[in-house]
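Summary of structural features
Here is how the chains run, residue by residue.
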Amino acid sequence: MITSKKKSISRKKGRVSSSKTRVRKSSKTSKSVVRKRKKDSPRSSRIASKGTAITLKRFEGNPIIEPLRGVNWESKATFNPSAIYGDGKVHIIYRAIGEGDVSMFGYARSRDGLVFDERGSGPAFFQTAPSRVEKLAIQIPYSSGGGWNGGSEDPRLTRIETKVYMLYTSFDGWGSIRIALTSILFDDFVRGKWNWNKPVYISPPGEVHKNWVLFPEKIKGKYAILHSISPRILIDYVNNLDEFDGTKFIRSNNPGGSGNAGSWDNWMRGAGPAPLKTKHGWLVLYHAMDVHDPNRYKVGAMLLDLNDPTRILYRASAPILEPDEKYENEGYKTGVVYACGAVIVDEWLFVYYGGADRVACVAVAKIEPFLKELMSSGEVKLKRTRTLK
C-alpha cells in the first residue's frame, strides 16, 4: 500500500493496488512554498530563477530523502539514489543502511521530480547473505558508506520496454565486491510488488568492480554495458542479458585511478547514472577526483557518439557538481557528491545524487541549454537555486 502526504503543491493521495509493501507518508517539510505552477514549467517551481538557463541547479529542498529515526533498516543513511521516469512520476531506488549496518534498497516516488512524498515503509530489495563456502578466504579491507556488514550498494536503474533492469554493487561483508544484475517488470515496479528476478553476477570472482551501467536501448541490435571510462571507454555487447547465467562474466581490465592528466578529473572513478540519449549523443555523468584535491568526489559530464559510444565527443572541462553544501560534507564520508540517477522529463534534466554517503539530493537544468553549453565551451557550472524557470 502506497500513501502520500499532501504538500504545499496540490497532490492526490496515492495508493497502489495489490502492493505488498506499505509506504509511509514523508514527514519532511519543504523549505520553500509555492502555491501555483507556471504554465511554462511542468515541474514544481522550487528551483530559483537566479542564474542563467545553462546552469545546473541544486534544489533548495535538499536533501530529498533522509534517514528515519526508529526505522530499523534505514535509520543511519539513505543515499546514492538511482531513477527512472514512468507512469507520470519519477521513481527512485536508493541505498539504505540501518541498525545492522547492512545495505539494502528503499523506494520513493515523486510527481514533480523534486518532492518525494511517497516512500516505502519496507525495503524494495535486499541481498541474501552468501553461504560460508562462497566467501573468499582473504578479507578485503572495504567499507563504502558505512555498510560494514555488506549487502547491495549503489543501484543503477535502466528501463528497457516492459522491464526495469538494475545493476548494483554486491558486497558480501568479507571478500567479494562484484557487479550483480537483476530485473523486474515495470508494472510490478510501479505498484510496489517487488518480484525481482534472481540476481546474477556479471563481473568475475576475486576482483573488485563498481560503477557499471546499462544503456537504455540496444545499440546495433545488442544490449550494451559500459564498465569502464578510463583510460578509455569499455563497453561489452550481448545479444541477450539472459546470457549471464553465473558462468559468463565481463572482463574489465582497465587500471583503476587513471584519468585526464592536467585536468580536474585526473583520477577518474567510474560512470554515474545510466546513459541518457539525446539528439547530440549519449549523456554520461561520471565520478572523478583531483589528486591535488583528493578528499572531494566530484561529478563530470561527457557526450558519447550515438552509434559508437566508445567515442567521446565532448567532455566538460570542469566538474558540474562539487561537494560544497553542508549536507554534502556531514555524513559517513566528507566531501562526496555521488550521482547514480538521472532522468530527462520534458525539457528538464534531473540529476539524483548522494551527499556525504548519508542523504539523497537532486540538481536540475534545462537540458538543451545545458548540452549546448557543454558542446560549445566544455564547461557547465552549478548554482544553488529555488525555482524552475
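Residues numbered from 1 in each chain as written. Predicted model: local features only at pLDDT ≥ 70, side-chain atom pairs only at ≥ 80, totals over all residues. Heavy atoms only, no water.

1. Brief notes about the overall build of the protein
Looking only at helices and strands, the protein has 2 helices and 22 strands in total. Of all 389 residues assigned to the protein, the portion counted as buried reaches 59%. By sequence separation, contacts in the protein at least 24 residues apart represent 58% of the contacts at least 6 residues apart. As displayed, the protein offers around 16,500 Å² of accessible surface, 48% of which is attributable to carbon and sulfur atoms. (Helix = DSSP H or I, 4+ residues; strand = E, 2+ residues; numbered from the N terminus. Buried < 20%, exposed > 50% of the residue type's maximum accessible area, 1.4 Å probe, protein only. Contact = heavy atoms within 4.5 Å. Areas by Shrake-Rupley, 256 points an atom, 1.4 Å probe, with all protein chains shown as cover.)

2. Observations regarding the pattern of salt bridges
If you walk through the whole model with that rule in mind, you get 18 salt bridges. Salt-bridge contacts for lysine 298 lead to aspartate 293; the nearest nitrogen and oxygen are separated by 3.1 Å. In this structure lysine 298 comes out as buried when scored by relative accessible area, which is 6%. (Salt bridge = Lys/Arg side-chain N within 4 Å of Asp/Glu carboxyl O.)

3. So, the nonpolar core
Of all hydrophobic cores here, the largest spans 25 residues; its most connected members are Leu283, Leu285, Ile320, Leu349, Tyr353 and Phe370. Membership of the second largest hydrophobic core comes to 24 residues, among which are Trp73, Phe116, Trp348 and Phe350. (Core = buried A, V, L, I, M, F, W, Y, C linked by side-chain atoms within 4.5 Å.)

4. A word on the packing of aromatic side chains
Overall, the coordinates contain 15 aromatic pairs when judged by the stated rule. Ring centres of phenylalanine 105 and tyrosine 168 lie 5.8 Å apart, and the angle between their planes is 90°; on these two criteria the pair is classed as edge-to-face. Taken together, the residues span a long stretch of sequence, with phenylalanine 105 in strand 5 (residues 103-110) and tyrosine 168 in strand 8 (residues 163-171) at a distance of 63 residues. Measuring from ring centre to ring centre gives 6.1 Å for tyrosine 297 and tyrosine 338, while their planes differ by 55°; the resulting arrangement is tilted. Of this pair, tyrosine 297 sits in strand 17 (residues 293-304) while tyrosine 338 sits in strand 19 (residues 337-345); the two residues are 41 residues apart in sequence, bridging distant segments of the chain. Overall, the relative accessible area of 13% leaves tyrosine 297 in the buried class. In this structure an aromatic cluster arises from ring pairing among Phe105, Tyr107, Phe125, Tyr168, Phe189, Trp194 and Trp196. (Phe/Tyr/Trp six-rings, centres within 6.5 Å; stacked < 30°, edge-to-face > 60°.)

5. A short note on the sheet that holds strand 11 (residues 213-214)
In spatial order, the strands read 11-12-13; together these 3 strands make up an open sheet with antiparallel pairing. Each end of this open sheet is capped by a strand with a single partner; those strands are strand 11 and strand 13 (234-238). By the bridge criterion, 5 bridges tie strand 12 (residues 223-228) to strand 13 in an arrangement that is antiparallel. Considered in strand 13, the bridge of alanine 224 is made with tyrosine 237. (Pairing = 2+ DSSP bridges.)

6. Things to note about unusual backbone geometry
Of the consecutive residues asparagine 62 and proline 63, the connecting peptide bond is found in the cis state with omega at -5°. Turning to its location among the elements, proline 63 is positioned in the loop between strand 2 (56-59) and strand 3 (77-86). In this chain, serine 230 is followed by proline 231 through a cis amide linkage whose omega measures 5°. Inspection of the secondary structure puts proline 231 in the loop between strand 12 and strand 13.

7. Some remarks on the pairing of strand 8
The buried fraction of strand 8 is high, at 8 of 9 residues. In the sheet, strand 7 (residues 151-160) pairs with strand 8 via 8 bridges, with the strands oriented antiparallel. For serine 152, the partnering residue across the bridge sits in strand 8 and is serine 170. Linkage of strand 7 to strand 8, two consecutive antiparallel strands, is achieved through a turn of 2 residues, within which glutamate 161 is found at a positive phi near 55°. Where strand 8 meets strand 9 (residues 177-185), 9 bridges bridge the pair, whose relative direction is antiparallel. Within strand 9, the position partnered with leucine 167 by the bridge is leucine 181.

8. Some details on helix 2 (residues 367-377)
Turning to helix 2, its buried residues are Ile367, Phe370, Leu371 and Leu374. Viewed end-on, helix 2 has its buried residues packed into an arc of 95°, placing them on one side of the element. Structural note: helix 2 exposes Lys372 and Ser376 on the side pointing more than 90 degrees away from its buried face. (Arc of directions from axis to C-beta.)

9. Remarks on the pairing of strand 3
Among the 10 residues of strand 3, 9 are classified as buried, and the element is accordingly described as predominantly covered. Pairing of strand 3 with strand 4 (residues 89-97), which is carried by 8 bridges, proceeds in the antiparallel orientation. Looking at strand 4, one finds that phenylalanine 79 is bridged to arginine 95. In sequence, strand 3 turns back onto strand 4 through a hairpin of 2 residues, with aspartate 87 there showing a positive phi of about 60°.

10. Digging into the environment of phenylalanine 189
In this structure, phenylalanine 189 sits in helix 1 (residues 186-190). Taking C-alpha positions, phenylalanine 189 is 7.6 Å from valine 164, a pair spaced 25 residues apart along the chain. Filtering out sequence-adjacent residues up to four positions away, phenylalanine 189 remains in contact with Ile84, His91, Ile93, Tyr107, Leu157, Val164, Ile184, Trp194 and Trp196.

11. Structural notes on the environment of arginine 159
Its place among the elements puts arginine 159 in strand 7. For arginine 159 and leucine 214, which are 55 residues apart along the polypeptide, the C-alpha to C-alpha distance reads 9.3 Å. With residues up to four places along the chain from it excluded, the contact list for arginine 159 reads Ile84, Tyr85, Gly86, Val164, Phe186 and Pro216. A distance of 3.4 Å separates a polar side-chain atom of arginine 159 from the backbone oxygen of glutamate 161. (Polar contact = N/O pair within 3.5 Å; in protein donor to acceptor, adjacent residues only side chain to side chain.)

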